[in-house]
Amino acid sequence: VYTDEISTFDQAKMLYVKKQYVPAIRAFRNFLKYNPGPNFSYEANAYIGLSRLNLDKKNASRDLANFLRNEPEHKLNTEITYELGLYYFAEGKYTRALKYLDKINETDVSKVQRDELAFKQGYSYFKNKEYQKAKQQFKKVMNGDGKYTIEASYYYGYQCYILKDYACAIATFTKIGDKGPKTMQLYLAQIYYEQEEYNTAYETVKNLSLKSQEDEIYLLKGKIQYQLGNKSVALSFFDKYK
């Protein structure tokens, strides 16, 4: 009987690991019919809660928060806390995401999870306009070779740009090169303009095409040409600016 219980639990957990959440819930509920001890019951119910969270079921996040309060020392709490942080991050609720992500000790998660944790903490701080904290988190990821390396490097450079640390921004954007988004070219051109390097600024932005920031590009080109003394060219760009 005990072997049957463990087998059912292992099968249910494997379904969860494979992200097959609906059959995982069914399997864990079948396991609970054996009336296992309190520890196994907690784990089974926790995995049911995590599966429901990934399926975006109503009250799943509330139920998991209750798990954390009721069993503050349980070994699954790191996973629950991590998943709750990711859930609120995906919902765009960055302050609430940080409430959970900031509780996680980096040494308690895998290398892949560590990179995701640092990046999503950094992005959440960025959205909350806590730029120095954001930089610290992005820096942990940007020198690696994982999934978030380029994106973390881009946002690190963008924090430098916002904080007017132009040398840092130029170095970071230049290092990313063609791997990063085109908006880097616009930021670089704006930096060169601020530093009165008008020819370099224009060369950087001259062939840039960004539909979402078209007006910003026309305005910058006009300002650069005005500073270069090309008033009629500047006027043509200002005329295009809506």
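See the structure above.
Below you will find a few notes about this structure.

### Considering the overall build of the chain
- Each helix and strand in the chain was counted, giving 14 helices and zero strands.
- Starting at the N terminus and walking to the C terminus, you meet the elements of the chain as α-α-α-α-α-α-α-α-α-α-α-α-α-α.
- The C-alpha radius of gyration computed for the chain amounts to 25 Å, which surpasses the reference 18 Å derived for 242 residues by more than 25%, pointing to a less compact arrangement than a globule.
- Looking at the chain as a whole, 48% of its 242 residues qualify as buried.
- On the chain, roughly 13700 Å² of surface is accessible, and the fraction owed to carbon and sulfur atoms is 48%.
- Counting 37 positive and 29 negative side-chain charges, the chain places the averaged centre of each group 4 Å from the other.

### Quick word on the packing of aromatic side chains
- Taken as a whole and assessed by the stated rule, the structure comprises 31 aromatic pairs.
- Ring plane angle 10° and centroid distance 5.4 Å describe the contact between Phe28 and Tyr47, whose orientation is recorded as stacked. In this pair, Phe28 is assigned in helix α2 (residues 21–32) and Tyr47 in helix α3 (residues 38–54), connecting sequence segments 19 residues apart.
- The class for Phe28 is buried, based on a relative accessible area of 0%.

### Observations regarding the packing of helix α13 (residues 214–227) against helix α14 (residues 231–240)
- Contact geometry for α13 and α14: axes closest at 8 Å, N-to-C directions at 165°. It follows from the interaxial angle that α13 and α14 lie roughly antiparallel. Crossing angle aside, the handedness with which α13 passes α14 is left-handed. In contact with Asp215, Tyr218, Leu219, Lys221, Gly222, Lys223, Gln225 and Tyr226 of α13, α14 contributes Lys231, Val233, Ala234, Phe237, Phe238 and Lys240.
- Split by residue class, the contact of α13 with α14 holds seven nonpolar, two polar and five charged.

### Overview of unusual backbone geometry
- Even without being glycine, Asn59 reaches a positive phi, approximately 70°.
- Take Asn59: it is sitting in the loop between α3 and α4 (60–70).
- In this structure, Lys129 takes a positive phi of about 65° despite not being glycine.
- Considering the arrangement of structural elements, one finds Lys129 in the loop between α7 (111–127) and α8 (131–142).

### Brief notes about the packing of helix α9 (residues 149–162) against helix α10 (residues 166–176)
- Look at α9 against α10: their axes get within 7 Å of each other, and the N-to-C directions meet at 155°. Between α9 and α10, the angle is such that the two are roughly antiparallel. Crossing hand, α9 versus α10: left-handed. Contact residues: Ile150, Ser153, Tyr154, Tyr156, Gly157, Tyr158, Cys160 and Tyr161 in α9; Tyr166, Cys168, Ala169, Thr172, Phe173 and Ile176 in α10.
- Per-class residue counts for the contact of α9 with α10 are eleven nonpolar, three polar and no charged.

The rules we used
- Residues numbered from 1 in each chain as written.
- Predicted model: local features only at pLDDT ≥ 70, side-chain atom pairs only at ≥ 80, totals over all residues.
- Heavy atoms only, no water.
- Helix = DSSP H or I, 4+ residues; strand = E, 2+ residues; numbered from the N terminus.
- Rg over C-alpha atoms; globule rule 2.2 N^0.38 Å.
- Buried < 20%, exposed > 50% of the residue type's maximum accessible area, 1.4 Å probe, protein only.
- Areas by Shrake-Rupley, 256 points an atom, 1.4 Å probe, with all protein chains shown as cover.
- Lys, Arg positive; Asp, Glu negative; His and termini not counted.
- Charge placed at Lys NZ, Arg CZ, Asp CG, Glu CD.
- Phe/Tyr/Trp six-rings, centres within 6.5 Å; stacked < 30°, edge-to-face > 60°.
- Axes fitted to C-alpha atoms, helices over the stretch in contact; angles between N-to-C directions.
- Parallel < 35°, antiparallel > 145°, perpendicular 65-115°, else oblique.
- Left-handed = near helix turned anticlockwise from the far one by under 90°.
- Contact = heavy atoms within 4.5 Å.
- Nonpolar A, V, L, I, M, F, W, Y, C, P; charged D, E, K, R; others polar.

Such coordinate-based values are descriptive only and should not be taken to indicate function.
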